[in-house]
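A closer look at the structure
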Amino acid sequence: MSNIKCTHCQLEFDESVMITEENNPDVYFCCNGCQGVYHLLKDDGLDSFYEKIGNSKIAPPLQVESDSSSFDMESFKQRYIKTTTDGFSSVDLVIEGIHCAACIWLNEKVLANTEGIVDASINFTNNKAKIVWDEDTIALSKVIDTIRSIGYNAYPYDRTAEDIKATKNKKDYFMRMAIAVFASMNIMMIDVAKYAGFFSGMKDETLHLVHIAEFIFSTPVLFYSGWIFFKGAYYGLKNRIVNMDLLVSSGATLTYIYSLYVLFGGKGHSYFDSVAMIITFVLVGKYLEVIGKKNAVDTMDKIRSQVPHEATIVEEGVKKVVPLDAVKVGDIIEVKRGEKATVDGVLIGSSATFDESSLSGESLPVEKKEGATIYSGTINSGKVIRYTATKNYANSTLSNIVNLLEDALASKPEIEDTTNELSKYFSITILFLALATFGAWYWIGGDFEEALIVAISVIVIACPCALALATPIASLIGISWAAEKGLLFKEAKFIETFSKVDTVVLDKTGTITEGKLDVKNVTGEISSEILPQLYALSDSSTHPVSLAIKKYLEKNFESIETIELSNIEQVEGKGLKANYDSKIIAGGNSRLIDELEIDFEFDTVYTVYHFAMDGRVVLSFELDDGLKEGVKELIDYLSTIDVNIIMATGDNEKVANRVANSIGLKDYKSELSPIDKANYIKSLKENGKRVVMVGDGINDALALSYADVAIAMGSGADVALAISDVVILNNSLKAIEDSFMISRRTFKFIKQNLAISLIYNVITIPIAMAGYVIPLVAALSMSLSSLLVVGNSMRIKIKDKN
Amino acid sequence: MNSVLILELTVGIIVSFTLLGIFIWAAKGGQFDDSKKMMDGLLFDSEEDLQAAYEKEQKVKAMKEKKEQNKKEEV
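Cut-offs and rules
Residues numbered from 1 in each chain as written. Chains lettered and ligands numbered in written order. Predicted model: local features only at pLDDT ≥ 70, side-chain atom pairs only at ≥ 80, totals over all residues. Helix = DSSP H or I, 4+ residues; strand = E, 2+ residues; numbered from the N terminus. Buried ≥ 20, exposed ≤ 12 C-beta atoms within 10 Å, placed from the backbone. Contact = placed C-beta atoms within 7 Å. Core = buried A, V, L, I, M, F, W, Y, C linked by C-beta atoms within 7 Å. pLDDT = per-residue confidence, 0-100. Arc of directions from axis to C-beta. Nonpolar A, V, L, I, M, F, W, Y, C, P; charged D, E, K, R; others polar. Pairing = 2+ DSSP bridges. Axes fitted to C-alpha atoms, helices over the stretch in contact; angles between N-to-C directions. Parallel < 35°, antiparallel > 145°, perpendicular 65-115°, else oblique. Left-handed = near helix turned anticlockwise from the far one by under 90°.

**A few points about the overall build of chain A**
Along its length, chain A carries 27 helices and 31 strands. Across the 802 residues of chain A, 42% fall into the buried class. The long-range share in chain A, meaning contacts at least 24 apart out of those at least 6 apart in sequence, stands at 66%.

**Quick look at the nonpolar core**
All names here are of chain A. If you look at the biggest cluster of nonpolar residues, it comprises 63 residues, and the most contacted ones within it are I681, V692, M693, A707, V709 and I711. Looking at which element gives the most residues to this core, the answer is helix α25 (residues 734-769), with 7 residues. Excluding residues that lie within four positions of it along the chain, A707 makes contacts with I681, V691, V692 and M693. M177, I190, A213 and V248 belong to the second largest nonpolar core, which has 48 residues in total.

**Considerations on the confidence of the model for chain B**
Summary statistics for chain B give a mean pLDDT of 83 and a share of 97% for residues scoring 70 or more. Mean pLDDT values for the elements of chain B range from 76 in helix α2 (residues 35-39) of chain B up to 87 in helix α1 (residues 2-28) of chain B.

**Considering helix α5 (residues 140-149) of chain A**
All names here are of chain A. Along α5, the residues classified as buried are L140, V143, I144, T146 and I147. Viewed along the axis of α5, the buried residues span an arc of 155°, placing them on a single side of the element. The secondary structure elements touched by the buried residues of α5 are β6 (89-96), α4 (101-113), β7 (117-122), β8 (128-133) and β9 (153-156). At the exit of α5 stands G151, carrying a positive phi of roughly 95°.

**Looking at the interface of chain A and chain B**
Facing the 25 residues of chain A at the interface are 25 residues of chain B. The set of elements that each furnish at least two residues to the side of chain A that touches chain B consists of α4, β7, α6 (161-200) and α7 (204-225) of chain A. At 7 residues, the largest contribution of residues to the side of chain A that touches chain B is made by α6(A). In the side of chain A that touches chain B, the residues fall into 14 nonpolar, 5 polar and 6 charged.

**Details of the pairing of strand β22 (residues 566-571) of chain A**
Residue and element names in this part refer to chain A. Counting buried residues in β22 gives 0 out of 6 residues, a small share hidden from the surface. Pairing analysis gives 4 bridges linking β22 to strand β23 (residues 575-580), with the strands arranged antiparallel. By the bridge assignment, Q570 is partnered in β23 with L576.

**Notes on helix α17 (residues 530-538) of chain A**
Those residues of α17(A) not exposed but buried are Q533(A), L534(A), Y535(A), A536(A), L537(A) and S538(A). Contact partners of the buried residues in α17(A): α18 (544-556), β23, β24 (583-588), β25 (607-613) and β26 (616-627) of chain A.

**As for the sheet that holds strand β15 (residues 366-369) of chain A**
All names here are of chain A. Strands sit in the order β15-β14-β17 across an open sheet of 3 strands; the sheet is antiparallel. If you trace the sheet from one side to the other, it starts and ends with β15 and β17 (379-380), each paired once. Across 2 bridges, the pairing between strand β14 (residues 351-355) and β17 is antiparallel. In the sheet register, F354 faces β17, and the bridge partner there is N380.

**Observations regarding the sheet that holds strand β16 (residues 373-374) of chain A**
Note on sheets: strands pair through backbone hydrogen bonds, and any given pair is parallel or antiparallel. Residue and element names in this part refer to chain A. Taken together, 6 strands build an open sheet; the order of strands is β11-β10-β12-β18-β13-β16 and the sheet is antiparallel. Unpaired on one side and paired on the other, β11 (318-323) and β16 mark the two borders of the sheet. Of the strand pairs in this sheet, strand β12 (residues 332-335) and strand β18 (residues 385-389) are connected by 4 bridges, and their pairing is antiparallel. Each bridged residue has a counterpart across the sheet, and for V335 the counterpart in β18 is I385.

**A short note on the pairing of β12(A)**
All names here are of chain A. The side-chain alternation of β12 yields one buried face, formed by I333 and V335, and one unburied face, formed by I332 and E334. Sheet topology note: the strand β10 (residues 310-315)/β12 ladder contains 3 bridges and is antiparallel. Within β12, the residue paired with V314 across the bridge is I332.

**Details of unusual backbone geometry**
All names here are of chain A. Of note, the phi angle at E316 is positive, near 45°, even though the residue is not glycine. Located in the positive-phi region is S582, a residue other than glycine, with phi close to 60°. By the element assignment, S582 lies in the loop between β23 and β24. Note on S582: 7 C-beta atoms within 10 Å, which makes it exposed.

**Regarding the environment of S396(A)**
Residue and element names in this part refer to chain A. Residue placement: S396 occurs in the loop between β18 and α12 (397-410). The class for S396 is buried, based on 23 C-beta atoms found within 10 Å. If sequence neighbours within four positions are ignored, S396 has contacts with V343, D344, S376 and K391.

**Points about the packing of α6(A) against α7(A)**
All names here are of chain A. At a minimum axis separation of 9 Å, α6 and α7 run at an interaxial angle of 160°. With respect to α7, the axis of α6 lies roughly antiparallel. You can see that α6 and α7 cross each other, and the crossing is left-handed. Contacts between α6 and α7 involve R176, M177, I179, A180, A183, S184, N186, I187, I190, A193, K194 and G197 on the former and, on the latter, L207, V210, A213, E214, F217, S218, P220, V221, Y224 and S225. Of the residues assigned to the contact of α6 with α7, the class counts are 14 nonpolar, 5 polar and 3 charged.

**Side note on the packing of α6(A) against α1(B)**
For any two helices packed against each other, one specifies the crossing angle of their axes together with the interaxial distance. In contact at an axis separation of 11 Å, α6(A) and α1(B) are set at 160° when each is read in the N-to-C sense. In terms of their interaxial angle, α6(A) and α1(B) are classed as roughly antiparallel. For the pair α6(A) and α1(B), the crossing hand works out as right-handed. Judged by residue contacts, F174(A), M175(A), A178(A), I179(A), F182(A) and N186(A) of α6(A) engage S16(B), L20(B), F23(B), I24(B) and A27(B) from α1(B). In terms of residue class, the contact of α6(A) with α1(B) is made up of 9 nonpolar, 2 polar and no charged.

Here is the structure:
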C-alpha cells in the first residue's frame, strides 16, 4: 500500500493505518487527535490554517492528561500573574508544539476569538507567549484548555531580569546595526560615483558635495551605532586592557576627524566611507554574539517552564495544593496520571508505573513496587499514587539537573577566539606604530599636517577589516554549506571548536540504535493454530513490545484469521492474559511466566516476549533495538581521522557490550545516570580532551550542556534540541561525518585568511610608515585585503563540487 | 550642474532619512523583535487577516471601555 499524508499534521503513513470518514472521502488522519483538531478548526472557520501551513509538517496534537485547574490556584496567581495598567491580567507562557508560522497564526487566532482574551502574542523565534485576559470573563485554566484543545500545550515561566535585559540588549544592538547597515549602503552607492570620478575626472566642488553627503551618513554610524565601541574602549582602559574596541573607536574617530579637517578646507581626501565600514562590519559580528546570549536565556526559560510549580500533599486525609518550596521531607504527596512527581521520595501502596524517559532515556514505562524510589521530574503513567517525600525540592533530582544546566549554560567556556586574541596585541602595536610615525615625521619634517596624514594612513591601512572578516566570512560559508547538508550550527564559533575535537561520545538509544524494537529471533514454531491467537493478543495492547510482535506477524504471514478474545487482562509491567475457547493464553516477559507459575527457563541478552497456552510456553521472541543506518561507516570514518569514539548509555553492561561489539567499538560506558554521563564528559575535558557529545533524549541534556560541542538528532526532545550547538535535521549519522569534514575545512580556511591579512599588514604598514601611501591608497588597499579574504573563503565549498 | 546635484543630494538624503525614520518607528513598535515571524509576515497579510486585526482592535476597545465602566460603578 502507498503512503498518504495526514490531512492535519501532513506526516505520511501507510494508507491502511489511516482514519477515514465516510461522508468526507478526501480526508485522512493518522490519529484521533489530528481528526479532532481538524474538525474543530473547520467548525470555527479557521481551515485557512491548511493553506498557510504549506509543505511544513507538524507533530500530531499533544494529548495532555494533566488537569489545568492548577492555573487558577492562588499560589500560581501570586507567582506568575501580573496586572496590567488597564486592570487586566497578564501571564508569560512557553508554548509547546509550535513547528511553523501557521502554528503561531492558529494559536493567536483561536485565542483572539476566545471571549475575554484581550491580547495573545506568540514569539515564533523562542515560542514564548504573552497572554492578556479579563479575569471577570474567563479563567486562565480555560485559556490553557483552549490552547490544549487545538493540540498544543502551555507552561508558565517566570520572566527573569536576565530575560528582560537580554531582550532589551538585543533590540538595542539591532537598532544600532540596522542604522549602520542603512548608512553604509548609502555611502557605498555614493562611493561608486566618487571612485568613478577619480578616473573620469570630477570637479572639486562636486567632490566636496559628495563628501558632505558621506559626512551626513557616517556621523550617526560613528556616534550612535559606534557608541558601544567607545563605551567598551573606556571600560577597557579603566581596567587597563587594550581591546579591539579601542582600536575600532580610535581608528574610526581619527579617520573621522581627519576627514572633517579635509571637508572644511584642509588638503587631501576624506574617508567617511571607511569610518562607516569599520563600525558596520565589527558591529554585525557583535550583534551575532548578542543573539547567542539571548538564545541561552530562552533555553533556560524553556527548561524552567517544564518544572511543575506545585504539589498536592495529603495531611490527615485532607488534600492540599502547596507551592513546590513548601513541600517538606516526610510529606505525603499525591500524583495523578499524567502528572510529574515534584520531589524525590518512596512509593506508598502496592505498585505504580512511571515514565522515566526524562532521566534514563528508556521509552518503556518502569514498574515500581512499594518502597521504590520515585524521582522528581518523572511522569506517572499509571493510576493515582501517593508517596512520601524523602527530599525537599531544592535537593531533588529535577532541581539538581536544572541547577547544573543553568551553571553549564552560564559558564559554557568561550573558545579562545583567535581573532580577538590576535587583535588585542595588534591594536596596541598599530596604535604605537601610528604614534611613533607621527612623532618621527613631525620631528624630522616639522610639518604637522603631513605627519598627521602619514600616521592616519598607518591606522587606515592596518584597519583590522581583513582581520575582522577572516573568521566571519569563512564561518558563514561553512555554516551555509552545512545547512545545505541538513546540519544547523547554532553559532559560528562551534565551527572552530568542532574542528579541534578529538573525542566523540555517542548516546546509545536513538543515536546508535533506532530506538524501535524488532524481532531478532523466534524460538518455537508459529503454527496456523497459534497464529490467530498470538496476533489477537498482540493487537490488544499498544506496548512497544506488543506492537513489534504484531508488526513481525503482519510482515511474515499473509491473511491472518481474525478472532475475538475474551477477558483480556493487562498485567501491569508484565504482559497480557486472555481467554479463547476456554483456553487461557498469555503473552509477556519472564515475570509474567513466573506469575503464571509456569516452569520455564530462557537465557538471553535481548528483550524477550513469551507466548503461553494452557500453562505451557509455546513461543519465545527475542527483540532488539536495530542499529541505525551508517553507524559502522561513521565509526570507520572517525577512526581514520584519529578521533576517539566512546558509547555512553544508561543501559546495563550486557546490552552495552553487545551493541558495542556489534559495531566494532572498544570503548563504552554503561549504567550511567544523566549526572554520571555529565560527570564523565567533565572528566574527559579535565584530561584535556575536546569532546563532542551526540544524543537525543532529555536524559542527555545535561551531558550535552557539558560537552564542548553538543549535537542533537533532529527528532530528539525539545530540551535536547534547545541545548545543542549543532542540530542534525535529517536524523542521519552521515551528517556527523559531514560536520567533521566541513568544520575542519572551514577552520583551515580561517587560518589561511588570518595569515593573508597578517602578511598584508606586515608588507603595507612599513610602506605606509615610510610615507609612500596616501590615505586614499591606504583605504583602497585595505578593501583589496578584504576582497582577498572573501575570495579565499569562497574556495571552501570547492571540494564538494569536485 | 552643481545646483542640480545639490537638489538631488538633498532630496535623496531627506527621502532616505525619512525611510530610516519609518524603519526606526516600526522597530521600536516591536515589528522586528521576532525575526522568524517577520520573515513569514506575508502569510499573515491577507485581506481576511487585516479584517481580523480590525475586529480584534474593536473587541479590545470594547473590553477596555467595559472594564473602565465597571471600575467607575465599583467606586
